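Observations on the model geometry
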Amino acid sequence: MPLIQRKKPTEKPSSPAEDLPDDDDDDSQKKSHRKKSNNGGADKAKWSCVDSCCWFIGCVCVTWWFLLFLYNAMPASFPQYVTEAITGPLPDPPGVKLKKEGLVAKHPVVFIPGIVTGGLELWEGKHCADGLFRKRLWGGTFGEVYKRPLCWVEHMSLDNETGMDPAGIRIRAVSGLVAADYFAPGYFVWAVLIANLAHIGYEEKNMYMAAYDWRLSFQNTEVRDQTLSRMKSNIELMVSTNGGKKAVIVPHSMGVLYFLHFMKWVEAPAPMGGGGGPDWCAKHIKAVMNIGGPFLGVPKAVAGLFSAEAKDVAVARAIAPGFLDTDIFRLQTLQHVMRMTRTWDSTMSMIPKGGDTIWGGLDWSPEEGYTCTGKKQKSNGTTTRGEEDGESLISKKTKKPVNYGRIISFGKDVAEAPPSEIKNIDFRGAVKGQSIPNNTCRDVWTEYHDMGIGGIKAIAEYKVYTADAVIDLLHYVAPKMMARGSAHFSYGIADDLDDPKYQHPRHWSNPLETKLPNSPEMEIYSLYGVGIPTERSYIYKLNQSPDSCIPFQIFTSAHEEDEDSCLKAGVYNVDGDETVPVLSAGFMCAKAWRGKTRFNPSGIKTYVREYNHSPPANLLEGRGTQSGAHVDIMGNFALIEDIMRVATGGNGSDIGLDQVHSGIFEWSERIDLKL
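Here goes a summary of the coordinates provided. Note that this is a predicted model, so its numbers are computed, not measured.

A separate point is the packing of aromatic side chains. Enumeration over the complete set of coordinates arrives at 24 aromatic pairs. With centroids separated by 6.3 Å and ring planes inclined at 70°, the aromatic side chains of Phe183 and Tyr187 adopt a geometry described as edge-to-face. Chaining the aromatic ring pairs together yields one cluster made of Phe306, Phe410, Tyr462, Tyr465, Tyr538, Tyr540 and Phe552.

Structural data, given as structure tokens:
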């Protein structure tokens, strides 16, 4: 069959338009290009930055999911097996150890959380907080801080005039043990202690978390939420339902001051007090086991109120100058922190108490002669008062005398100068003006706006502030804040504790202005960590940044490399738990309450128990079981065991009386306080 052939068209002269390539030609050229590329031709696709980012994110996600799969697939005992292979056998947790000894739950236990560790949730808010009803604004994941920071600051702040809820906003404390078992996912506070108590039979019927809104002044927690009344009722209920066995109270951090206030409130007559009568504490409380208690305040509170910073913030501010002050994305970080925290009346409860009598003056301090070696001991060895002074940490002498009594000094030369060479210009009568260095500061309210340049210079020209002068300083730079604070807190030493004025609630959280209850069978313990450099005094400078609304900052360039020096990044450190100096945590139980004194007329027994800080040996140990840090000590096995032995019926003798590693008894003797 003949093949049908297509007839070739006759060629015609082409026009210029016909010379242009048509779509079919383009397609064929693209296919040809792909072929060449696939065959390893010279033309290759370019690798973009977007491709690199996608690959990187993909690799991270795949790796994360793979590790997560392995974690969930491995036996529950595998992490412990790895840890023991590296560090050796782990000791039994205190709960397991005491259960083997046959100890069981006996006295009900009450936990009093401190500042910032208790969760807060939203009950009413502004439009920007829609969808957050009963969601945690403090504690948990802190997701709202990143999603809507200005809205979060607005809701976490209290009214600057009243110290109570702003209009249209209600934030309340989370209730139950979950209120403060974990501060954030994986970051325990009370969880380890609760779990160990559960081993010997404790549960919610004989454990109670006395959660409260830690932003409020102590008396206002009763005025707004009736928190003190609820605590009284719950303690009474637990005592009555546990066969009349008295409660063991375990406050932490600021919760120590809160419970001091409660002990005065509960026995005071109504309506100012709880009306429990003068023997309420004797009937209901076996022991108060204070953990990391800032009985006499902390210098760290002064730095926070004065410049919204502490050691770590000051270092970050020095590494990235202006970053925390600049209006980045309309979020002036430090200014908003200051605006928020200055509305929290509770922060003023931790301003140093006792003035120069306790904290020292221009030319002396109780800790004089202390040296910071920078070396952390690896074991919890114990020393007692009867041992040689040569074994004390304060036996070493610094090369330069440190004037710890100068809580704030403007310049390193002022911090080190003899008192006779310091020429003060009194700031108290300085006239405040309306001119400020940075007009944009008015977008974020702080009381520095009302000081003017003249007032700011007057503060710096006074040069040095001791504990007495610090109170006047805060009254000058933040008069509205301190007016609220002075209505709820006091910082002096009572000459006559029988003076009727000391019956006012503002004195109840100051141990130097109140008496302990008439309860001779009760015991009071001061349990705290030592061996960690802790902020004691500061070197400041004027902040010259045009972007800053806070005119003062810690002078981080004031630094000494000598390991024996206690001056690091503008901060003089002493022994403590990284937040509370030994002097504040230990003085009351070491001296002012020891035996029958005017502050302890019934002779309640007191004990000092120090826990030498030993950091975790490796990452697998987490935050460690021998930590002395302010919050991490809540997982310290030795501390937990001491609390559990008292809760199961023991007393100070059963846990070894005093356990001291620092110079607290020597330092206390240097304080001339009428007892």
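Now for the environment of Phe295. Among the structural elements, Phe295 can be located in the loop between β9 (285-291) and α12 (299-307). Classification of Phe295 as buried rests on a relative accessible area of 1%. Sequence spacing of Phe295 and Ser509 is 214 residues, and the spatial spacing of their C-alpha atoms is 8.5 Å. The residues touching Phe295, leaving out its near neighbours within four places in the chain, are Val256, Leu257, Leu260, Asn290, Lys353, Pro511, Ser526, Ser584, Ala585, Met588 and Trp593.

Relative to the elements of secondary structure, Ser307 occurs in helix α12. What makes Ser307 buried here is its relative accessible area of 0%. Considered as a pair, Ser307 and Gln335 are 28 residues apart in the sequence and their alpha carbons are 9.1 Å apart. Of the polar contacts made by the side chain of Ser307, one reaches the side chain of Glu309; its length is 3.0 Å.

All right, on to the state of the cysteines then. Under the defined criterion, the tally for this structure stands at one disulfide. Paired through a disulfide, Cys128 and Cys151 show a sulfur-sulfur distance of 2.1 Å. Taking the torsion about the S-S bond as the criterion, the Cys128 to Cys151 disulfide, at about 80°, is right-handed. Of this pair, Cys128 sits in the loop between β2 (120-124) and β3 (136-138) while Cys151 is found in helix α6 (residues 149-156), placing the two residues 23 residues apart along the sequence. Relative accessible area serves as the criterion here: at 31%, Cys128 is assigned to the partly exposed category. The thiol sulfur of Cys59 is not disulfide-bonded, and the nearest other cysteine sulfur, from Cys61, lies at 9.4 Å.

On to the packing of helix α17 (residues 452-462) against helix α18 (residues 467-477), then. At a minimum axis distance of 11 Å, the contact between α17 and α18 shows a crossing angle of 170°. Comparing the axis directions of α17 and α18 gives the class roughly antiparallel. Along the contact surface, α17 presents Gly455, Ile459 and Tyr462, while α18 presents Ala469, Leu473, Tyr476 and Val477. Taken together, the residues that form the contact of α17 with α18 break down as six nonpolar, one polar and no charged.

On the basis of which strands lie adjacent, the open sheet formed by three strands has the order β3-β2-β4 and antiparallel pairing. Two strands bound the open sheet, and with one partner strand each, they are β3 and β4 (170-173). Each neighbouring strand pair of the sheet contributes to a mean axis angle of 45°, computed without reference to strand direction. Judged from the two bridges that link them, β2 and β3 form a sheet pairing that is antiparallel. What sits directly across from Glu121, in β3, is Arg136. Of the strands in this sheet, β2, β3 and β4 touch α6, which is tilted by about 80° from β3.

Along α18, eight of the 11 residues are buried, which leaves the element largely enclosed by surrounding structure. Buried within α18 are the following residues: Ala467, Ala469, Val470, Ile471, Leu473, Leu474, Tyr476 and Val477. Buried-residue contacts for α18 involve α12, α15 (355-359), β10 (408-410), α17, β11 (464-465) and α19 (479-488).

About the cut-offs
- Residues numbered from 1 in each chain as written.
- Predicted model: local features only at pLDDT ≥ 70, side-chain atom pairs only at ≥ 80, totals over all residues.
- Heavy atoms only, no water.
- Phe/Tyr/Trp six-rings, centres within 6.5 Å; stacked < 30°, edge-to-face > 60°.
- Helix = DSSP H or I, 4+ residues; strand = E, 2+ residues; numbered from the N terminus.
- Buried < 20%, exposed > 50% of the residue type's maximum accessible area, 1.4 Å probe, protein only.
- Contact = heavy atoms within 4.5 Å.
- Polar contact = N/O pair within 3.5 Å; in protein donor to acceptor, adjacent residues only side chain to side chain.
- Disulfide = S-S within 2.5 Å.
- Axes fitted to C-alpha atoms, helices over the stretch in contact; angles between N-to-C directions.
- Parallel < 35°, antiparallel > 145°, perpendicular 65-115°, else oblique.
- Nonpolar A, V, L, I, M, F, W, Y, C, P; charged D, E, K, R; others polar.
- Pairing = 2+ DSSP bridges.

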